[in-house]
Amino acid sequence: MDQTSTISDNISEILSQFLIGEVNSIVPYGTGHINETYFVKSVNANDTDYLLQRINHHIFKNVSVLIKNILTVTAHLRKKLEAVAGANPDQEVLTLVSTRNGEYYYHDSKGDYWRMYYFLDANSYDILENQQQAYQGGRAFGKFQCQLVDLNVNLIQETIPNFHNVQLRYNRFEQVLQGDKANSRAQNTTAEIAFVRERAENMVQAWQKLLQLPVRVIHNDTKFNNVLLNKDDRVQCVIDLDTVMPGYVAYDFGDAIRTIINTAAEDERDLDKINLNIPFFESYTQGYLEEAASFLTDEEAESLLTGVYLITYEQIVRFLTDYLENDVYYKIHFPEHNLQRTQAQIELLKKLEASGDELLKIIKGIIKKDKLISN
Ligand code: ADP
Ligand code: GN1
Ligand code: MG
């Protein structure tokens, strides 16, 4: 095996626990902010390759519950696909690899937690390239929610309690700000702090309104790079199931739009590059509603745009809080990374607010044109 130098020095111990063949190489992979991800290539070209992840157990404190949720969700999705002619469940649903003990994760001698999936030879995009991708992303997450409509919410436990609780996210931000830890960084972020505070009351009120709506099993982390597209840019698989939990559909719509509508990266330094790609928004919404219309209520359809503002705002609060806390949550690649992310998301929210009427008109237009929802 080569290229293991940057990887945990007990990698052989870890690999030996999973029921896999001989490994050729292992290299860091992907751009996720939470887990450590590696591509594991098999020696035998006919064997599948694997995706190994060190689970961030500072964030996901109960790994056993996390894995149980993923097994429940993937079994449910797999069963649905098995009933569809021509479907290929191994390629279209995440598949966890068993350990020698019959578990689906390994707790190693250093205290780290590891899991392995079949590697899916497909693409994930941080920034979209075309409208077809946006449409397919919409279909992917719409279908994902639709397939989970009949999964009993009580079978899924919260892996991160209050994940999209905007009130608590804001309270936590204020708490960190009052604490000593934040002092030096708070002095450089007065404009960002003011931006968050100006909107807090309205955002919390908008969030509270969502609480009247149906609680469903949703993805909760619908960043566009959490869907894999095949070489023809068609949906292959929804990934990153760590936060699949009960929630409101507007969260998933909002987080996806936050990433697909932005013409620049989530952490773009040059704020002039951050604009709204309205055709991508339209295509995502079209794809999403085609799949989700069968179960959405009128009230949920009306809540979708609120989700876009809320999740973008929440992301600003989370990045800024992490910056003030000296970067304890998200992976960062340079010291001011969380501040740069905060500023880029503030710019995005300003643009979204300025185009709110246009976005609403598009959602309503799609609903009316296709008579998708009863209103
Ligand atoms: P994080 O929580 O850190 O975002 P993810 O589970 O999203 O971790 O994985 C990080 C990246 O790894 C994804 O964006 C995707 O590019 C890639 N990835 C994840 N699972 C698979 C898989 N089963 N097959 C191929 N690529 C994958
Ligand atoms: C994290 O795991 P990843 O990179 O797909 C985060 C999301 C944020 C996102 C911002 C468990 O997503 O909530 O929206 O970063 N995931 C978790 O890029 O906190
Ligand atoms: Mg991810």
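Please refer to the structure placed before this passage.
Residues numbered from 1 in each chain as written. Chains lettered and ligands numbered in written order. Predicted model: local features only at pLDDT ≥ 70, side-chain atom pairs only at ≥ 80, totals over all residues. Heavy atoms only, no water.

(A) Expanded view of the coordination of the magnesium ion (ligand 3). The protein atoms that coordinate the magnesium ion (ligand 3) are N226 (OD1) and D240 (OD), at distances spanning 2.2 to 2.3 Å. Of the two residues, N226 is situated in the loop between β6 (216-218) and β7 (227-229) and D240 in the loop between β8 (235-238) and β9 (245-247); the sequence distance between them amounts to 14 residues. Overall, the relative accessible area of 5% leaves N226 in the buried class. (Donors = N, O, S within 2.8 Å, 3.2 Å for Na, K, Ca; no water. Helix = DSSP H or I, 4+ residues; strand = E, 2+ residues; numbered from the N terminus. Buried < 20%, exposed > 50% of the residue type's maximum accessible area, 1.4 Å probe, protein only.)

(B) Highlighting the sheet that holds strand β5 (residues 113-118). Across the sheet, which stays open at both edges, the 5 strands sit in the order β1-β2-β3-β5-β4 with antiparallel pairing between neighbours. The sheet terminates laterally at β1 (23-28) and β4 (106-107), the two strands that pair on one side only. Where strand β2 (residues 36-42) meets strand β3 (residues 50-55), 5 bridges bridge the pair, whose relative direction is antiparallel. By the bridge assignment for β3, F39 is matched with L51. Sitting on the sheet, helix α2 (residues 63-82) is in contact with β3 and β5, with an inclination near 15° to β5. (Pairing = 2+ DSSP bridges. Contact = heavy atoms within 4.5 Å. Axes fitted to C-alpha atoms, helices over the stretch in contact; angles between N-to-C directions.)

(C) Representation of the site of ligand 2 within the structure. Neighbouring ligand 2 are 18 residues, the closest being H33, K223, E266, Q315 and Y329. Note that an oxygen atom of ligand 2 is positioned 3.0 Å from one of the side-chain N or O atoms of N226. Coverage of ligand 2 by the protein chains reaches 98% of its 440 Å² of free accessible surface. Listing elements by their share of the shell around ligand 2, those giving two or more residues are α8 (249-260) and α10 (298-324). Its residues assigned to classes, the shell around ligand 2 comprises 6 nonpolar, 5 polar and 7 charged. Summarising the domain contributions, the shell around ligand 2 has at least three residues from each of domain 1 (2-118) and domain 2 (131-370). (Near = heavy atom within 4 Å. Polar contact = N/O pair within 3.5 Å; in protein donor to acceptor, adjacent residues only side chain to side chain. Areas by Shrake-Rupley, 256 points an atom, 1.4 Å probe, with all protein chains shown as cover. Nonpolar A, V, L, I, M, F, W, Y, C, P; charged D, E, K, R; others polar. Domains from an automatic or database assignment.)

(D) Seen up close, the packing of helix α7 (residues 190-210) against α10. Running from N to C, α7 and α10 point in directions that differ by 140°, and their axes come no closer than 10 Å. It follows that α7 is oblique to α10 by the angle criterion. Between α7 and α10 the crossing geometry is left-handed. From α7, E192, I193, F195, V196, R199, A200, M203, A206, W207 and L210 reach across to α10, where they touch S303, T306, Y309, L310, Y313, I316, V317 and L320. Tallied by class, the residues present in the contact of α7 with α10 amount to 14 nonpolar, 2 polar and 2 charged. (Parallel < 35°, antiparallel > 145°, perpendicular 65-115°, else oblique. Left-handed = near helix turned anticlockwise from the far one by under 90°.)

(E) The arrangement of the site of ligand 1 in detail. Near ligand 1, the surroundings consist of 19 residues, among which N35, Q53, L120, S124 and D240 are the closest. I34 places a main-chain nitrogen or oxygen 3.2 Å from an oxygen atom of ligand 1. A distance of 2.9 Å separates an oxygen atom of ligand 1 from a polar backbone atom of N35. Judged by its atoms lying within 2 Å of the grid points, ligand 1 is housed in the largest pocket. Elements represented by at least two residues in the shell around ligand 1 include exactly β3 and β5. Residue composition of the shell around ligand 1, by class: 10 nonpolar, 8 polar and 1 charged. Counting contributing residues per domain, the shell around ligand 1 is built from domain 1 (2-118) and domain 2 (131-370), each supplying no fewer than three. (1 Å grid on protein atoms, 1.4 Å probe; cavity = no way out; pocket = protein on both sides within 12 Å on 5 of 7 lines; lining within 4 Å. Sits in = over half its atoms within 2 Å of the grid points.)

(F) Structural context of α2. End to end, α2 covers 28 Å across 20 residues, agreeing with the expected 28 Å (1.5 Å per residue, within 8%). Among the residues of α2, those classed as buried are V63, V65, L66, I67, N69, I70, V73, T74, H76, L77 and L81. On its buried face, α2 sits against β3, α3 (89-92), β5 and α4 (131-147). Two to three positions downstream of the cap, the backbone nitrogen of S64 sits 3.3 Å from a side-chain oxygen, assigning the N-cap of α2 to N62. (Expected span 1.5 Å × (residues − 1).)

(G) Highlighting the layout of surface pockets. Approximately 960 Å³ is the volume found for the largest pocket. Lining the largest pocket we find 50 residues, and of these G32, T37, Q53, N226 and D240 sit closest to its centre. Partitioned by chemical class, the residues of the lining of the largest pocket number 21 nonpolar, 16 polar and 13 charged. Mapped onto the domain boundaries, the lining of the largest pocket takes at least three residues apiece from domain 1 (2-118) and domain 2 (131-370). (Points joined across faces, edges and corners; volume = space filled by probe spheres on them.)

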